[in-house]
Amino acid sequence: MSAQTAASISANLSWSKVDVLTPFERLTAEIQVRGGRLRETINDPEPLFHMRNVSAEPLVPGAVPLSGVPEGLFNKNFVGGIRTVDPEPPPADMVAEMMRRYVMFQATTFMVTGAAEFPKATEPAMHTEILMKSRFFSMLDVTITMFGVQGKSWTQPSIWVNRDLMLAVFLG
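Residues numbered from 1 in each chain as written. Predicted model: local features only at pLDDT ≥ 70, side-chain atom pairs only at ≥ 80, totals over all residues. Heavy atoms only, no water.

Caption draft 1: How the structure looks around the environment of M111. Relative to the helices and strands, M111 is located in strand β7 (residues 110–119). Note: C-alpha distance between M111 and T143 (32 residues apart in sequence) is 8.1 Å. Leaving out residues up to four positions away in the same chain, M111 has contacts with M104, F105, Q106, T143, I144, T145 and F147. (Helix = DSSP H or I, 4+ residues; strand = E, 2+ residues; numbered from the N terminus. Contact = heavy atoms within 4.5 Å.)

This is how it looks when you write it as structure tokens:
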């Protein structure tokens with residue numbers, strides 16, 4: 001790789017503070033994102049992402065709490081959901097007229113209920129295919145509930161859920 005290519009890749013990297021939901025814990029960290037957007041990083045083919053300043057809240061007995069771990073790598077296969085702490089600007093490819101539909105996403109250890117946005121011009125029969133197109137898809141105004149853990153439920157303005165951990169998705 002040439003020095004110029006490495007410099008342009010490095011210039012396109014930044015750190016973004018995120019919440020990460022796994023089957024065992026809820027992490028808060030900064031992850032390295034390309035192009036300043038979580039969507040591109042979480043849906044790219046790389047199996048891992050870089051993290052720094054990692055803290056973890058255990059969600060099940062036996063999970064280990066973490067506080068201020070300086071750096072690490074995380075496998076995308078085990079991310080149930082991820083969101084940026086600070087809102088991102090709308091993507092450049094966002095369609096002006098959108099509609100919302102209720103979505104319930106079920107995994108083995110958690111459930112996310114909320115809404116997904118679709119271009120108003122698309123047929124409702126296409127909405128499931130649109131959601132399944134990328135590995136992670138966005139949900140808005142969500143409630144996240146952990147199964148089998150009393151009191152582990154919270155709300156978030158948005159989250160990207162991992163379709164590979166999906167047992168079922170329901171649209172209303």
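Caption draft 2: Representation of the nonpolar core. Core analysis: the biggest nonpolar cluster contains 20 residues, and F105, V112 and M139 have the highest contact counts within it. Where this core is concerned, the elements lending two or more residues are β6 (98–106), β7, β8 (136–146) and β9 (153–162). Once residues lying within four places of it in the same chain are set aside, the contact partners of V112 are V103, M104, F105, M139, V142, T143, I144, I159 and V161. Core analysis: the next-biggest nonpolar cluster, separate from the first, contains 17 residues, F49, V54, F136 and W160 among them. (Core = buried A, V, L, I, M, F, W, Y, C linked by side-chain atoms within 4.5 Å. Buried < 20%, exposed > 50% of the residue type's maximum accessible area, 1.4 Å probe, protein only.)

Caption draft 3: Main features of the pattern of salt bridges. Per the counting criterion, the structure on display carries 13 salt bridges. Residue R135 pairs with D164 through a salt bridge whose shortest N-O separation is 3.0 Å. Here R135 is found in the loop between α3 (127–132) and β8, whereas its partner D164 is found in the loop between β9 and β10 (168–171), with 29 residues between them in sequence. Classification of D164 as partly exposed rests on a relative accessible area of 45%. With its nearest N and O atoms 3.1 Å apart, the salt bridge here joins R163 to D164. Overlapping salt bridges bring together R37, R39, E40 and E88 as one network. (Salt bridge = Lys/Arg side-chain N within 4 Å of Asp/Glu carboxyl O.)

Geometry only, nothing functional implied.
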